[in-house]
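# Descriptive analysis of the structure
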Amino acid sequence: MSFEENNMNEDKAKVDPRLDNATWAGVLVQALPYFRHWVGKTIVVKYGGNAMLNEELKHGVMEDIVLLNTIGIHVVLVHGGGPEINNMLNRIGKESKFVNGLRYTDAETMEVVQMVLTGKLNKDIVGILLKEGGKAVGLSGVDSGLLRAKKLDKDNFDYGYVGEVTEVHPEIITSLLDQNFIPVISTVALGESGDSNCYNINADTAAAKIAVALHAEKFVQLTNVPGVLRDVNDPSSLLQRIHISDVDALIKDGTIAGGMIPKIECCMLARNGGVPRTHIIDGRVPHSLLIEMFSDRGIGTMIY
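Report on the accompanying structure. Since we're looking at a predicted model, the values are computed, not measured. (Residues numbered from 1 in each chain as written. Predicted model: local features only at pLDDT ≥ 70, side-chain atom pairs only at ≥ 80, totals over all residues. Heavy atoms only, no water.)

What follows deals with the overall build of the protein. The secondary structure content of the protein amounts to ten helices and 14 strands. Dimensions of the protein along its principal axes, counting C-alpha atoms only, are 65 × 50 × 35 Å. The buried share among the 304 residues of the protein stands at 45%. Of the contacts formed within the protein by residues at least 6 apart in sequence, a portion of 72% connects residues at least 24 apart. Approximately 15,000 Å² of the protein is accessible, and the part contributed by carbon and sulfur atoms is 51%. For the protein, the distance from the average site of its 29 positive side-chain charges to the average site of its 38 negative ones is 2 Å. (Helix = DSSP H or I, 4+ residues; strand = E, 2+ residues; numbered from the N terminus. Buried < 20%, exposed > 50% of the residue type's maximum accessible area, 1.4 Å probe, protein only. Contact = heavy atoms within 4.5 Å. Areas by Shrake-Rupley, 256 points an atom, 1.4 Å probe, with all protein chains shown as cover. Lys, Arg positive; Asp, Glu negative; His and termini not counted. Charge placed at Lys NZ, Arg CZ, Asp CG, Glu CD.)

In C-alpha cells:
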C-alpha cells in the first residue's frame with residue numbers, strides 16, 4: 001500500500017459513522033458555491049493571544065488554513081503572542097506592565113518581544129503548517145521593510161518601543177502568495193526612514209492594515225470569545241451582523257466594551273479601507289474558520 005493510499009484510509013477512518021453518505025454529499029454540495037467564490041481570493045487571518053493557548057485547537061486552525069491554501073485560497077496569517085511574552089518575562093523575573101491596555105515596552109522588553117514573536121512563536125506556527133502539509137514561510141514586519149512604524153504618541157504617555165504602523169509594503173507577501181506559500185507574520189516593525197529602532201505593534205491593527213494593503217476579500221480575527229454579545233453572560237445573545245453605522249451607538253450603550261472595542265475598531269479600519277468582509281469569530285470552536293468560509297451558517301460577528 002502506498003503512503004498516499006494509507007493516508008486516505010486513515011482519513012476515511014476518521015469520518016463520523018453517524019453521518020450517512022447522503023448527508024456528507026449534502027455538506028459538500030452546500031460548500032461548493034463557497035469554494036468557487038473564494039478560490040484565488042486573499043484572506044487575512046489574525047490569530048493570537050489566548051486563542052493560541054490550546055494546542056489541539058491550534059493544530060485544528062492550522063489544518064483549516066492548509067485546507068484553504070490547498071484549494072487555491074490565498075491565506076495570510078498574522079499572529080500575536082501576549083501570553084507567551086508574559087511567560088518569558090516572568091521567567092527572567094521582569095514584570096509585565098500595561099498602560100491603557102498597551103504593553104509598556106522598554107528596551108529589555110522589546111528584546112523579549114522580538115525573541116518570542118519572531119524567534120519562537122513564528123517558527124512554531126510555520127512548523128505546524130509544514131507538518132500539516134502546507135507551504136509556509138515565517139516573516140516579521142522587519143523583513144523586506146514590510147511594516148514601517150513610528151513611536152506611538154498617545155495620551156501624553158511614553159509607551160517605550162510601542163509603535164503605530166505608518167506604511168505597509170506588501171510586495172514580499174504577494175510574491176509568496178503567487179508561489180502558493182502561506183505567509184506567517186509576526187508584528188514587529190522597523191522604524192521609519194532614519195529610525196533604526198524596532199517597535200512592538202498591536203497585532204490586530206497590523207493585520208487590518210495588511211488586509212487593506214493586500215486588497216483582501218476578507219479579514220478574520222480569531223479570538224477567545226463568541227463575538228459581540230448583547231449580554232456577556234448569554235452566548236445566545238450573539239450579534240451576528242453589525243452595520244458599521246451602528247457601532248458608535250453599541251459602544252455608547254455598553255454592548256461593545258472593554259477589549260472588544262479595539263477589535264471592532266480594527267474591523268472598521270479594514271472595512272473603511274476597502275475590505276468587503278470583516279469578522280470576529282471564536283477560535284475556541286473547532287474548525288470555526290471553515291464554518292465561516294464554507295457554510296451559510298456563519299459564525300461570530302460580521303461588521304458590514
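So, on to the packing of helix α3 (residues 55-70) against helix α5 (residues 107-131). Contact geometry for α3 and α5: axes closest at 9 Å, N-to-C directions at 60°. Our classification of the angle between α3 and α5 gives oblique. Crossing angle aside, the handedness with which α3 passes α5 is right-handed. Here Lys58, His59, Met62, Ile65 and Val66 of α3 come into contact with α5, specifically with Ile125, Ile128 and Leu129. In terms of residue class, the contact of α3 with α5 is built from six nonpolar, one polar and one charged. (Axes fitted to C-alpha atoms, helices over the stretch in contact; angles between N-to-C directions. Parallel < 35°, antiparallel > 145°, perpendicular 65-115°, else oblique. Left-handed = near helix turned anticlockwise from the far one by under 90°. Nonpolar A, V, L, I, M, F, W, Y, C, P; charged D, E, K, R; others polar.)

On to a nonpolar patch on the surface. On the surface, Val39, Leu67 and Ile71 cluster together to form a nonpolar patch covering roughly 200 Å² of accessible area. Looking at the secondary structure, you find Leu67 in helix α3. The exposure class of Leu67 is partly exposed, given its relative accessible area of 35%. (Patch = residues over 30% accessible without salt bridge, like charges linked within 9 Å, V, L, I, M, F, W, Y side chains within 5 Å. Salt bridge = Lys/Arg side-chain N within 4 Å of Asp/Glu carboxyl O.)

This part covers helix α4 (residues 82-91). Listing the buried residues of α4 in full gives Pro83, Glu84, Ile85, Met88 and Leu89. Each element contacted by the buried residues of α4 is listed here: β4 (102-103) and α5. Positive backbone phi, at 75°, marks Gly93, one or two positions downstream of α4.

Met62, Ile65, Leu68 and Leu129 are the most contacted members of the largest nonpolar core, which has 41 residues in total. It is α5 that contributes the most residues to this core, ten residues altogether. With near-sequence residues (within four places) excluded, Ile65 lies in contact with Val75, Leu77, Leu129, Ile182 and Leu289. Listed in part, the 26 residues of the second largest apolar core include Val78, Leu139, Ile201 and Ala208. (Core = buried A, V, L, I, M, F, W, Y, C linked by side-chain atoms within 4.5 Å.)

For the coordinates displayed, the defined rule picks out three aromatic pairs. Where Phe157 meets Tyr159, the ring centres are 5.1 Å apart and the plane angle is 70°; that geometry is what we call edge-to-face. With 6.2 Å between their ring centres and 45° between their planes, Tyr161 and Tyr199 make a pair best called tilted. Of this pair, Tyr161 sits in the loop between β6 (147-151) and β7 (162-168) while Tyr199 sits in strand β10 (residues 198-201), and the two are 38 residues apart along the sequence. On the basis of relative accessible area, Tyr199 is assigned to the buried category, the value being 4%. Here the basic side chain of Lys135 rests over the ring of Phe181, its NZ or CZ set 4.3 Å away from the ring centre. (Phe/Tyr/Trp six-rings, centres within 6.5 Å; stacked < 30°, edge-to-face > 60°. Lys NZ or Arg CZ within 6 Å of the ring centre and 35° of its normal.)

Turning to the sheet that holds β6, a few remarks are in order. One closed barrel holds the four strands; their spatial order is β6-β7-β10-β9, and the pairing between them is mixed. Taking the axes of each pair of neighbouring strands and ignoring which way they run, one obtains an average angle of 60° across the sheet. Judged from the five bridges that link them, β6 and β7 form a sheet pairing that is antiparallel. Following the sheet pairing, Leu147 is matched in β7 by Val168. Contacts from helix α7 (residues 203-213) reach β6, β7 and β10 within the one sheet, and its direction differs from that of β7 by about 5°. (Pairing = 2+ DSSP bridges.)

Along strand β13 (residues 277-282), five of the six residues are buried, which leaves the element largely enclosed by surrounding structure. Bridge analysis of strand β11 (residues 218-223) against β13 gives six bridges, and the strand direction is parallel. Counterpart to Thr223 in the pairing with β13 is Asp282.

A few words now on the sheet that holds strand β1 (residues 42-47). Pairing between sheet strands relies on hydrogen bonds along the backbone, with the strands arranged either parallel or antiparallel. Pairing in this open sheet of eight strands is mixed, and the strands run β5-β8-β2-β1-β11-β13-β14-β12 from one edge to the other. Lying at the two open borders of the sheet, with one neighbouring strand each, are β5 (136-140) and β12 (241-242). Sheet topology note: the β12/strand β14 (residues 301-303) ladder contains two bridges and is parallel. The residue of β14 that forms the bridge with Ile242 is Ile303.

For Asn180, which is not glycine, the phi torsion reads 65° and is therefore positive. Secondary-structure assignment places Asn180 in the loop between α6 (171-178) and β8 (182-186). Despite not being glycine, His287 shows a phi value in the positive range, around 60°.

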